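Residue-level listing of the chains:
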Amino acid sequence: HITPEKFYVEACDDGADDVLAIDRVSTEVTLTVKKDVPPSAVTRPIYGILGTIRLVAGTYLIVITKKKKVGEIFSHAIWKATDFDILSYKKTMLHLTDIQLQDNKVFLSMLSHVLSVDGFYFSTTYDLTHTLQRLANTSPEFQEMSLLERADPRFVWNGHLLREFAAQPEIHRFATPVMHGFITMHSCSINGKCFDWLLVSRRSCFRAGVRYYVRGIDSEGHAANFVETEQIVHYKGSKASFVQTRGSIPFFWSQRPNLKYKPKPQISKSVNHMDGFQRHFDSQIISYGKQMIVNLVNQKGSEKPLEQTFAKMVNSMANGMVRYVAFDFHKECSRMRWDRLQILMDQLAEQQDEFSYFLVDSDGKIVTQQEGIFRSNCMDCLDRTNVIQSLLARRSLQAQLQRLGVLHVGQRIEEQADFEKIYKNAWADNANACAKQYAGTGALKTDYTRQVSFSCKGLLGTGKRTQWGLIMDGWNSLIRYYKNNFSDGFRQDAIDLFLGNYSVDEVEPASPLHVKKDWKFLALPIIMVVAFSMCIIWLLMAG
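Since this is a predicted model, take the numbers as computed values, not measurements.

Visitor: Please explain the environment of R44 as it appears in this structure.
Guide: Topologically, R44 is positioned in the loop between β3 (29-33) and β4 (48-55). Look at R44 and you get partly exposed, because its relative accessible area is 33%. Dropping the residues within four chain positions of it, R44 is found in contact with I2, T65, D85 and L87. In this structure the side chain of R44 is engaged in a polar contact, spanning 2.7 Å, whose partner is the side chain of D85.

In structure tokens, the structure reads:
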């Protein structure tokens, strides 16, 4: 309910009388009741509060205005936020100069850009930020906390926007923690036995950004493009889960765009890599247990120094909880030899059996725990990484479905045509979502992911690459090149603003949006325009 003085947010749960009152002048947030809402207020439905942010014009309230039901996890509704609105506390912009108005408009467009990227999910009754295993190993006190208090801060993308709500426990229930990534749910049937199969990818908001602007780690050990992917099976009350992670090579390196198709990676020479490297794996071990690094980068050319440094640092760290395997994906699978992925799967099979998976029976008793995790990476942690993760997840799913009695002894997932199609398409959709969020385009090699039939004993299907798939890879590569060089700076700034890595100062004398450019910045465009004009004149006057 909107009035000139206040925003009133009414809880629509059955029997709820609470109303959140936000003062548009003092920005104070208090609780009141329905009868305090003025009849003259303009009323509209919203589905959640994303939070508040300060821009040049003052404070803004961001709300979810449209949602789409994805499905249910254990009877809890899961929603995708599909549209948002950014509401100004100020009733007028007359207090701003023309330059401030322009700056405010740019900052608003940045927020709108972040919110337009597909993949924001929320639930008002279920904690989407934690894996089944983490939720099963919590205290009764944890279960009583609000969703905002108990959420994993790594995966709450509106954590910065909700900072003022977090400071007032009595209004926590009005705050909606939102994760960014990918969720798909399917009701499946094999041998007449129905089960739910889910895939959840959670993107970390620490060291978040776009492809060439954010690589490696920061001083706290947070890796770029870090994604936790969980595969869940629910059958007759029993729940099984298999978790994997992906993240940029965890030391200090960069690959800034410079108009080349593939800029050369630069390893920083001025910092102590081991500090951040150690911090990264210490936190990973606390969260997931043992680590099996699967490094898929090229072992020649510009990627070679990264592989060598990674291997050297794992050896120097000498931590028995961290193991390392390097597999040159492009070399091994060159000329479409996808069957050679079996070499890697054979290498990892014993480790995967040791790590196991999480399983809780219908009585709530924990049967097995996942003791370790596969941390996969390539350069972008997108295309190659997704292929390997889908194969590891399939192998785990095979074991889970046999243990739950869905698959008979000797049966393979690949033989179940209907489920196989669902499985491949879901993993390809997951690849596309992660790629669009990080690189700005859909993933490459998804035609392979959608086709390949893989088993622990060998490749049953051919997993051929299609001609259309190769064309789409070329098109996506072209779009990536353009975005990485000409529009990703804006995207990176937008993400930094949204996550609070950059804060707008209302009284800041010099705006960062206005940088004086000298003649050198105009030289290349002028030369290009003159050259293009001369070319056209010569063509027209050729006779």
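Once the structure has been displayed, the description carries forward.
Visitor: Can you walk me through the packing of helix α6 (residues 273-288) against helix α7 (residues 304-317) in this structure?
Guide: Helix-helix packing is described using two parameters, namely the angle between the two axes and the distance between the axes. The geometry of α6 relative to α7 is characterised by a closest axis approach of 11 Å and an angle of 75 degrees between their N-to-C directions. When the axes of α6 and α7 are compared, the pair comes out roughly perpendicular. Together, H273, M274, F277, Q278 and F281 of α6 and F310, M313, V314, S316 and M317 of α7 make up the contact between the two elements. A class-by-class count of the residues in the contact of α6 with α7 yields seven nonpolar, three polar and no charged.

Visitor: Explain the pairing of β3 to me, please; I cannot follow it from the model alone.
Guide: Here strand β2 (residues 18-23) runs beside β3; their pairing, made up of five bridges, is antiparallel. Residue pairing in the sheet places A21 in a bridge with T30 of β3. The antiparallel pairing of β2 with β3 creates a hairpin that spans five residues between the two strands, and T27 there sits at a positive phi of about 65 degrees.

Visitor: Sorry, what's going on with the UniProt feature "transmembrane region" (unreviewed entry) in the protein chain here?
Guide: Within the UniProt annotation, "transmembrane region" (unreviewed entry) is assigned to residues 521-541. Helix makes up 95% of residues 521-541 and strand 0%, whereas the separation of the span's terminal C-alpha atoms amounts to 32 Å.

Visitor: Quick question: what am I supposed to make of the layout of surface pockets here?
Guide: A probe as big as a water molecule, rolled over the atoms, marks out the empty space that is left. A volume near 1,000 Å³ is recorded for the largest pocket. Along its surface, the largest pocket is lined by 37 residues, and E10, A11, C12, D13 and Y47 are the ones closest to its centre. For the lining of the largest pocket, the elements supplying multiple residues, two or more each, are β1 (6-10), β4, β5 (58-73), β6 (76-88) and α4 (147-150). With four residues, β1 is the largest single contributor of residues to the lining of the largest pocket.

Visitor: Even after reading the chapter, I still don't get the sheet that holds β2, so can you show me in this structure?
Guide: Within a sheet, each strand pairs with its neighbour through backbone hydrogen bonds, oriented either parallel or antiparallel. Spatially, the three strands line up as an open sheet ordered β1-β2-β3, and their pairing is antiparallel. The open sheet has two edge strands, β1 and β3, and neither has a second partner. Geometrically, the sheet is characterised by an average inter-axis angle of 30 degrees between neighbouring strands, direction not taken into account. Bridge count between β1 and β2: five bridges; the pairing is antiparallel.

Visitor: Please explain empty space enclosed by the protein as it appears in this structure.
Guide: With the rule as written, the count across this model stands at five cavities of 30 Å³ or more. Empty space within the largest cavity amounts to approximately 90 Å³. Residue lining of the largest cavity: H113, V114, V117, F120, W157, H180, R203, V210, Q437, R491 and I495, and that is the complete set. Elements with a minimum of two residues in the lining of the largest cavity: α1 (98-116) and α14 (488-499). For the lining of the largest cavity, the per-class residue count stands at six nonpolar, three polar and two charged. Size it by volume and the second largest cavity reaches roughly 70 Å³.

Visitor: Looking at this structure, how should I read the pairing of strand β8 (residues 179-190)?
Guide: Regular strands show a simple pattern: their side chains alternate between the two faces of the sheet. Burial runs high along β8: nine of the 12 residues are buried. Sheet topology places strand β7 (residues 120-122) next to β8; two bridges connect them, and they run antiparallel. When the sheet's bridge partners are listed, Y121 is paired in β8 with M179. The antiparallel pairing of β8 with strand β9 (residues 193-203) creates a hairpin that spans two residues between the two strands, and N191 there sits at a positive phi of about 55 degrees.

Visitor: I would appreciate a short explanation of a nonpolar patch on the surface in the present structure.
Guide: A cluster of nonpolar side chains, contributed by L522, I526, V530, F532, M534, I536, I537, W538, L539, L540 and M541, occupies part of the molecular surface with about 1,300 Å² of accessible area. Counting through the fold element by element, L522 comes out in helix α15 (residues 520-540). The exposure class assigned to L522 is exposed, which follows from its relative accessible area of 51%.

Visitor: Looking at this structure, how should I read the environment of F242?
Guide: Relative to the assigned elements, F242 resides in strand β11 (residues 238-246). Distance in space between the C-alpha atoms of F242 and S268 is 35 Å, their sequence separation being 26 residues.

Visitor: Help me understand the pattern of salt bridges in this model?
Guide: Side chains that differ in charge, positive against negative, can pair when their charged atoms come close. Tallying each qualifying case throughout the model produces 25 salt bridges. As a salt-bridge pair, D152 and R154 come within 2.9 Å of each other at their nearest N and O atoms. Among the residues examined, D152 registers a relative accessible area of 10% and is labelled buried. Classification of R154 as buried rests on a relative accessible area of 13%. The residue E332 makes a salt bridge to R340 at a minimum N-O spacing of 2.7 Å. Each of R134, D152, R154, R202, E228 and E230 takes part in a single network of salt bridges with overlapping partners.

Calculation rules
Residues numbered from 1 in each chain as written. Predicted model: local features only at pLDDT ≥ 70, side-chain atom pairs only at ≥ 80, totals over all residues. Heavy atoms only, no water. Helix = DSSP H or I, 4+ residues; strand = E, 2+ residues; numbered from the N terminus. Buried < 20%, exposed > 50% of the residue type's maximum accessible area, 1.4 Å probe, protein only. Contact = heavy atoms within 4.5 Å. Polar contact = N/O pair within 3.5 Å; in protein donor to acceptor, adjacent residues only side chain to side chain. Axes fitted to C-alpha atoms, helices over the stretch in contact; angles between N-to-C directions. Parallel < 35°, antiparallel > 145°, perpendicular 65-115°, else oblique. Nonpolar A, V, L, I, M, F, W, Y, C, P; charged D, E, K, R; others polar. Pairing = 2+ DSSP bridges. UniProt positions renumbered as here; feature names shortened; annotations may be inferred. 1 Å grid on protein atoms, 1.4 Å probe; cavity = no way out; pocket = protein on both sides within 12 Å on 5 of 7 lines; lining within 4 Å. Points joined across faces, edges and corners; volume = space filled by probe spheres on them. Patch = residues over 30% accessible without salt bridge, like charges linked within 9 Å, V, L, I, M, F, W, Y side chains within 5 Å. Areas by Shrake-Rupley, 256 points an atom, 1.4 Å probe, with all protein chains shown as cover. Salt bridge = Lys/Arg side-chain N within 4 Å of Asp/Glu carboxyl O.

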